[in-house]
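Tertiary structure, described
The residues making up each chain are set out below.
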Amino acid sequence: MITLRNLAKNYSGLHAVNSITLEIPSNKIYGIIGKSGAGKSTLVRLLSLLEKPDAGEIYFDDDRVDHLIGTPLLERRRKLGMIFQNFNLFSSRNVFDNIAYPLEITNQPKDKIKSRVHELLAMVGLLDKTASAISQLSGGQKQRVAIARALANYPEILFCDEATSALDPQTTASILQLIKDIQTQMNLTVVMITHQMEVVRDACDFVSVIDDGEIVESGTVKDIFSFPRTKITREFVGTLKPLMDEAIEDLPRYSIKYRLHFTGESTTKPILARLIREYMLDVNILSGSIYTVGNDHIGELIVEFVGQSENLDAAKQHLQEQNVRIEVVDA
Ligand SMILES: Nc1ncnc2c1ncn2[C@@H]1O[C@H](COP(=O)(O)OP(=O)(O)O)[C@@H](O)[C@H]1O
Ligand SMILES: [Mg+2]
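Residues numbered from 1 in each chain as written. Chains lettered and ligands numbered in written order. Predicted model: local features only at pLDDT ≥ 70, side-chain atom pairs only at ≥ 80, totals over all residues. Heavy atoms only, no water.

Details of helix α1 (residues 40-47)
- Here α1 lies mainly inside the structure; six of its eight residues are buried.
- Burial in α1 covers these residues: Lys40, Thr42, Leu43, Val44, Leu46 and Leu47.
- Just downstream of α1 lies Leu49, where phi reads positive at about 65°. (Buried < 20%, exposed > 50% of the residue type's maximum accessible area, 1.4 Å probe, protein only. Helix = DSSP H or I, 4+ residues; strand = E, 2+ residues; numbered from the N terminus.)

This is the structure we're talking about:
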């Protein structure tokens, strides 16, 4: 578990990170989503011990880590992996030598480096690119090299700062899948910084929304999607292309004609509007009439409902509950 207590970082009076208190569970993928300038990269630099906070504390499990210096800091940092939007690879080194770098600086023997690099290349699916120059790789392949390099020393935590923001949607999906696979295999804690709700939806278990240096909302991805509590979260959820529209289009649609008999109160209720809205039906009114009998109104409508069979059944039940009598017309 990573625990942050009242963490703060200022840049000449600007509260880039403003008193953040948060618990990030181990062995999960934790998303932190926010707009540009919200303080995401500042937060991740504090978490990855690249910068010191102005106030507050960071704990990895029970160990306080924000005030470390010297060798203990270096040792901690070796247990952290990091990947970025721009990959940050060494262009003067080929694929093998990029991945070997963190093993070289920890003085590992040559044969061990070789076997570990091959293991990592296999893990990220780049065995055929061992000797390639970085400039010959696609964006997705570059990020795979960066992932392999970040994992070389068996880190406990992987920080991803906008790792897929420079990639097209298909490549993004394949990199997210790779991170998910590796997370499970290596029992990693992954902190995924992003401005894209798709990344949260497709890869994360938990998410916090950061705005203006503060965490405004946290929870499981499912809960945040189902009940976004703040305006900014609703905006993020709203940026997603609804998968539902396509799904509904793809399902077979049926049409049934009914004769509906309304009496009393039911004539005055906006029943049809509700059917359209809640059961996603198309409703065609074929004919209709309303009579007054004594003090009662009696209505009869002949309608055609078009929709998914499940929704048609649910709509029929709803009508019956509203005391609308239903007859099927030329079934
Ligand atoms: N090294 C820095 N010096 C001065 N201001 C900075 C520095 N890093 C970030 N900031 C400012 O802090 C705020 C948060 O930036 P950042 O953490 O990079 O946001 P994000 O990654 O969410 O886009 C911004 O207003 C940015 O200009
Ligand atoms: Mg950033």
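So, the packing of aromatic side chains
- Counted by the stated rule, this structure contains three aromatic pairs.
- An angle of 15° between the planes, with centres 6.0 Å apart, marks the rings of Tyr30 and Phe206 as stacked. Here Tyr30 is found in strand β3 (residues 29-33), whereas its partner Phe206 is found in strand β9 (residues 206-211), with 176 residues between them in sequence.
- A relative accessible area of 4% places Tyr30 in the buried class.
- Centroid distance Tyr258 to Phe305: 5.5 Å. Interplanar angle 65°. Geometry classified as edge-to-face. (Phe/Tyr/Trp six-rings, centres within 6.5 Å; stacked < 30°, edge-to-face > 60°.)

Brief notes about the site of ligand 1
- Tyr11, Leu14, Ala16, Lys35, Ser36, Gly37, Ala38, Gly39, Lys40, Ser41, Thr42 and Arg45 make up every residue found near ligand 1.
- Between ligand 1 and Lys40, the relevant distance is 2.8 Å, taken from an oxygen atom to a side-chain nitrogen or oxygen of the residue.
- Between ligand 1 and the protein, one listed contact pairs an oxygen atom with a backbone N or O atom of Ser41 at 2.9 Å.
- Contact with the protein chains removes 59% of the 560 Å² of surface that ligand 1 exposes when unbound.
- Broken down by secondary-structure element, the contributors of at least two residues to the shell around ligand 1 are β2 (14-24) and α1. (Near = heavy atom within 4 Å. Polar contact = N/O pair within 3.5 Å; in protein donor to acceptor, adjacent residues only side chain to side chain. Areas by Shrake-Rupley, 256 points an atom, 1.4 Å probe, with all protein chains shown as cover.)

Regarding the sheet that holds β9
- The strand order across the open sheet formed by six strands is β6-β7-β8-β3-β9-β10, and the pairing between neighbours is mixed. Looking along the sheet, the strands with just one partner apiece sit at the ends: β6 (80-84) and β10 (214-220). Averaged over all adjacent pairs, the angle separating strand axes in this sheet is 15°, with direction ignored.
- Running at roughly 160° to strand β8 (residues 189-194), helix α6 (residues 169-186) makes contact with β3, β6, β7 (157-161) and β8 of the sheet. (Pairing = 2+ DSSP bridges. Axes fitted to C-alpha atoms, helices over the stretch in contact; angles between N-to-C directions. Contact = heavy atoms within 4.5 Å.)

Things to note about the pattern of salt bridges
- A full pass over the atoms with the stated rule returns 15 salt bridges.
- One salt bridge in this structure joins Arg93 and Glu104, with 2.9 Å as the shortest N-O distance. A residue pair is termed long-range when its members are at least 10 positions apart, and Arg93 in the loop between β6 and α3 (95-104) and Glu104 in helix α3 qualify at 11 residues.
- Put simply, Glu217 and Arg229 hold a salt bridge, and the shortest N to O gap is 4.0 Å. With Glu217 in strand β10 and Arg229 in the loop between α8 (221-226) and α9 (231-238), this pair connects stretches of sequence that are 12 residues apart.
- Note on Glu217: relative accessible area 2%, which makes it buried.
- Here the residues in one salt-bridge network are Arg259, Glu300, Arg325 and Glu327, joined through shared partners. (Salt bridge = Lys/Arg side-chain N within 4 Å of Asp/Glu carboxyl O.)

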